[in-house]
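What follows is the residue order along each chain.
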Amino acid sequence: MDRFLLPKDGRALKQKGETDGEKRSAKIRSYDTSYLNFGFTCITINGEIRPQCVVCGITLANESLKPNKLKCHLEIIHGLLVGKNRDCFARKLEDIIHQKDTVKNLVSMPTYALKASYQVAYHIVKNKKPFTDGEKVILLAILDMARTMLGEKAVEKFKMVLISYTTVCRCISDMSEDIHRQLIAHLKSSLFALQLDEATDLSKKAHLIAYVRYCHKTVILEDFLFCKPIKGHATSAALFDILNDFLRSNYLKWESCVGICTDGAPSMCGARSGLKAKVLKVAPHVLWTHCMIHREALAVRNMDRELGDVLNSAVKNVNFIKAHPTGSRLFAIVCAEKEAEHDGLLFHTEVRWLSRGKVLNRISELRNEVRQFLLDVDPYKAEQVCNPRWLVLLAYLTDIFDKLNSLNLSLQGAESMSFTMYKKTPAFKKKLELWRRLIQDVLLEAFPCLPEALEDIGYELESAAEVIINHLTSRRDSLEKHFPKDTDHVNDWVLQPFLVGAGTNLPVHFQEDLIEVQSDRILQMHFNKNSFGEFWLTMSEKHSGLSKIAVKVLLPFSSSFLCEIGFSALAALKMKYYSRLEVEHILRMAVARIHPQIDRLSGEKQAHPSH
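Residues numbered from 1 in each chain as written. Predicted model: local features only at pLDDT ≥ 70, side-chain atom pairs only at ≥ 80, totals over all residues. Heavy atoms only, no water.

Undergrad: Looking at this structure, how should I read helix H10 (residues 292–299)?
TA: Since one α-helical turn is 3.6 residues long, residues separated by three or four positions face the same way. The buried count for H10 comes to six of eight residues, which makes it a mostly enclosed element. Where H10 is concerned, the buried positions are Met-292, Ile-293, His-294, Arg-295, Glu-296 and Ala-299. (Buried < 20%, exposed > 50% of the residue type's maximum accessible area, 1.4 Å probe, protein only. Helix = DSSP H or I, 4+ residues; strand = E, 2+ residues; numbered from the N terminus.)

Undergrad: What is the right way to read the packing of helix H11 (residues 305–322) against helix H14 (residues 367–377) from this model?
TA: Between two packed helices, both the angle of their axes relative to each other and the distance between the axes serve to describe the pair. Between H11 and H14, the shortest axis-to-axis distance is 12 Å and the interhelical angle comes to 65 degrees. Judged by the sense of rotation from one axis to the other, the crossing of H11 with H14 is left-handed. Residues Asn-317, Phe-320 and Ile-321 of H11 lie in contact with H14, whose contacting residues are Val-370, Phe-373, Leu-374 and Val-377. Considered class by class, the residues forming the contact of H11 with H14 number six nonpolar, one polar and no charged. (Axes fitted to C-alpha atoms, helices over the stretch in contact; angles between N-to-C directions. Left-handed = near helix turned anticlockwise from the far one by under 90°. Contact = heavy atoms within 4.5 Å. Nonpolar A, V, L, I, M, F, W, Y, C, P; charged D, E, K, R; others polar.)

Undergrad: Would you mind going over the packing of aromatic side chains with me for this structure?
TA: The relative placement of two aromatic rings is captured by the distance of their centres and the angle of their planes. Scanning the entire structure with this criterion turns up 14 aromatic pairs. Judged by centre distance (5.8 Å) and plane angle (45 degrees), the ring pair of Phe-131 and Tyr-165 falls under tilted. On the criterion of sequence distance, the pair formed by Phe-131 in the loop between helix H3 (86–126) and helix H4 (133–149) and Tyr-165 in helix H6 (residues 165–187) is long-range, its members being 34 residues apart. With a centroid separation of 5.7 Å and an interplanar angle of 85 degrees, the aromatic rings of Tyr-211 and Phe-224 are classed as edge-to-face. Taken as a pair, Tyr-211 in strand S5 (residues 206–216) and Phe-224 in strand S6 (residues 219–229) lie far apart in primary sequence, 13 residues in all. Residue Tyr-211 shares its accessibility class with Phe-224, and that shared class is buried. (Phe/Tyr/Trp six-rings, centres within 6.5 Å; stacked < 30°, edge-to-face > 60°.)

Undergrad: Quick question: what am I supposed to make of a nonpolar patch on the surface here?
TA: Together, Met-145, Met-149, Leu-150 and Phe-158 make up an exposed nonpolar region whose accessible area comes to about 460 Å². As for its position among the elements, Leu-150 is in the loop between H4 and helix H5 (152–158). For Leu-150, a relative accessible area of 60% puts it in the exposed group. (Patch = residues over 30% accessible without salt bridge, like charges linked within 9 Å, V, L, I, M, F, W, Y side chains within 5 Å. Areas by Shrake-Rupley, 256 points an atom, 1.4 Å probe, with all protein chains shown as cover. Salt bridge = Lys/Arg side-chain N within 4 Å of Asp/Glu carboxyl O.)

Listed below in structure tokens is the structure:
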């Protein structure tokens, strides 16, 4: 809103080629501002110039610009000011300007404080900290820093930022709903794939968690979708109802879902009565994937009896040493005396994918310290640790589980495509066959711990070679069972579209489109610079059919890795003293990749200076 002052006679001159509003505005801006004879100034409202009294602040109609009407207002309403000179009205105009600036400052400060509340709440939940930290820790620290660095005036301003427990909860809910709205808007115009898993939290409540992979503009993105509590039994019907109700309530179509990835639980993958069967009834086109990480864990779980006894006895020795604080302290003293690299052992956790390899590696590194400790404390338990065959088999298990852990880690990670993950297990099967031949020929280059153990105890490998060879053979057969022969090579054209002979399994008209793509040098340069998803999404305009097929290949998840990350975040958030939290908003804020629109959220709220 611009401010203007009237001339002596209160009239606005016109120029050729201008509308009335433009003429009046332009001329008034150029007039001498030293005349306030009638106690009025001019303001523009929606392009219309209107007089405003500098005494009472009343804005009159445009027709009141006539000097006699302005004089009439002054005489009737402000009779005491008739005859006052220009300086009197100029001072009153200055007072109005100053009052408006004061009000503006009073309103803008709470607006900034409201935005700051959202920002503080965002950082609290992103770092998985208790909500009470805002008022009890963060605000107190900010006030101390402001007092030290900026002075008391800055302290008063920072006190306007509200970050109490309830304020943080409200801000988190607002930001979570904003992120959810953004995500649903993206999903309504895109194909998507889901990743599902269910687990129990600290308070014994079961939750179904879901992540989604979808297309947005020219990229493929992954994000948190929902975390819903499971009421009653975690049956396939209950899981399907949660999933179906979510899609229906958010107006998402099953036709847009191209794939679902879960673990191998019967309630999930049951072909007749599991979630898989119920989903395929309403969406037969959905590609169902059993998590590759879970399959790898199942493939390496079982082993020969003798090797299983070695593993179990190693775990028992660890538990014996770490069962009591006294044992842990005494073992640390033994490690310090022998100048060992570590001063303690690791507990074995069956549900953790990498636990076996880490436990065996630590006990193998500290085998001499373990032997010394057991000889001092319980000589009967030390007999196994002193057995040369037991030590050799322990060294082999350490090596093989280290390799299995490497395979497991290669299957983990975000943004992993199924057809690239399927290439890793055939390679590992070939490695197992190679290691089997090396053991037969007593070549131990692939096993770093085994030759060291053989040399340390003076034991011949031939005595234990049969057990090792049988284990390598059984692991190869088990991987063959859980990872059948790769049939995903038919989609290799998505990975290598410019390879000669790629896409021969496609329909003829799609093969013709692929030939056009292969003949374009610019597209080949574009393919080399961008990811698979970016390349095929940019092809949606010229080759929409080919692009759609490629996207359907790229979208499905290969593992439930993101769900495991979500449950790890849930375990960190739902601590002992926060076990009754409703987790969906908090979990979404903690793990979501979409950023909330804080400027929009704070702009929609009314900031109150008083509270």
